[in-house]
Amino acid sequence: MFDKSAQSGRDFPGSRNDLHVAVIMDGNGRWASNRGWPRLVGHRKGAERVRKLVAACPGLGIRYLTVYAFSTENWKRSTEEVLGLMSIFARYIQREADRMKREGVRLRFIGDRTRLDSKLQALIQWIETETAGNDRVHLSVALNYGGRDEITRATRAMAQDAASGTLNADDISDAVLARYLDTRDLPDPDLVVRTSGETRVSNFLLWQAAYAEYVFTPTLWPDFTPVTMQDILKDYATRERRFGGVSA
Ligand code: IPE
Ligand code: IPE
Ligand code: MG
């Protein structure tokens, strides 16, 4: 069915005010290497870009922003890079807590947090509770996230519920499975953006992005600004989402 609600815009024609945009933030390492700097400098700049984009979300019509920060495959990187990234995530939570509370940002984490350092797990738990009442912008950070891992964990939990008698196998539907995913409280993404010129999905939101639009931009994540997003949303607004149906 052609989504007519996509026609009622605010900032530019064709936009909505409740979009869910998911971003594969790629290119931090190359951005730093191009300048002869350590990769972590690129990651720090990348975190700064997230902060700016979150602030711009209400003006862009984005209600849900989901960012891919660390994949289940990123543990393959050097210990220095992994630990550096983890400390950037912890610092982001600590430094942004007040601003998020002030500006109505609800922060959630998706992914398997049980493999994270216990201090980081506690910080995640704390900020999720602190911002749980906010509703202006929903920022979700995918951390130790992999789409296959998420579906595997959901399947395991369903099997456990089936074994204990709280779930009937015949009642399993796609809606039931979706409630076992980390994204159970989020709408499906309308748009998935990947930066840095790579044109692959890298295990991101495999279930949820079934009907998302994709935009691939050559911009490296540390160069990505709200204006880059605005241009991408103009492209998105020209697309006709048919969800398997035919044009109206
Ligand atoms: C994305 O940037 C951030 C993470 C995957 C953590 P990269 O670190 O992958 O940057 P490139 O792809 O090496 O340039
Ligand atoms: C995807 O980027 C993961 C994140 C952005 C966190 P990668 O740089 O890890 O992906 P590949 O290895 O190029 O597929
Ligand atoms: Mg990369």
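Higher on the page you've got the structure.
Now for a description of the structure that goes with this document. Keep in mind it's a predicted model, so treat the numbers as computed, not measured. (Residues numbered from 1 in each chain as written. Chains lettered and ligands numbered in written order. Predicted model: local features only at pLDDT ≥ 70, side-chain atom pairs only at ≥ 80, totals over all residues. Heavy atoms only, no water.)

1. Observations regarding the overall build of the protein
Along its length, the protein carries 7 helices and 6 strands. When the helices and strands of the protein are placed in sequence order, the string is β-α-α-β-α-β-α-β-α-α-β-β-α. Oriented by its inertia axes, the alpha-carbon framework of the protein measures out at about 55 × 45 × 35 Å. Residue burial in the protein is summarised as follows: out of 248 residues, 49% are buried. Long-range pairs, those at least 24 residues apart, make up 74% of the contacts in the protein with a sequence separation of at least 6. Accessible surface for the protein amounts to roughly 12400 Å². Of this, 50% is attributable to carbon and sulfur atoms. (Helix = DSSP H or I, 4+ residues; strand = E, 2+ residues; numbered from the N terminus. Buried < 20%, exposed > 50% of the residue type's maximum accessible area, 1.4 Å probe, protein only. Contact = heavy atoms within 4.5 Å. Areas by Shrake-Rupley, 256 points an atom, 1.4 Å probe, with all protein chains shown as cover.)

2. Overview of the site of ligand 1
Surrounding ligand 1, one finds 13 residues, the nearest of these being Met25, Asp26, Gly29, Arg30 and Arg77. Contact distances for ligand 1 include 2.8 Å between an oxygen atom and a side-chain N or O atom of Asp26. Backbone polar atom of Gly27 to an oxygen atom of ligand 1: 3.4 Å apart, as the coordinates give it. Computed on the free molecule, ligand 1 has an accessible area of 380 Å², of which 87% lies beneath the protein chains in the complex. When residues of the shell around ligand 1 are traced back to their parent elements, those giving at least two are α1 (28–34), α2 (39–60) and α3 (79–103). By residue number, the principal contributor to the shell around ligand 1 is α1, which donates 3 residues. (Near = heavy atom within 4 Å. Polar contact = N/O pair within 3.5 Å; in protein donor to acceptor, adjacent residues only side chain to side chain.)

None of the figures reported here should be taken as evidence of function without further support.
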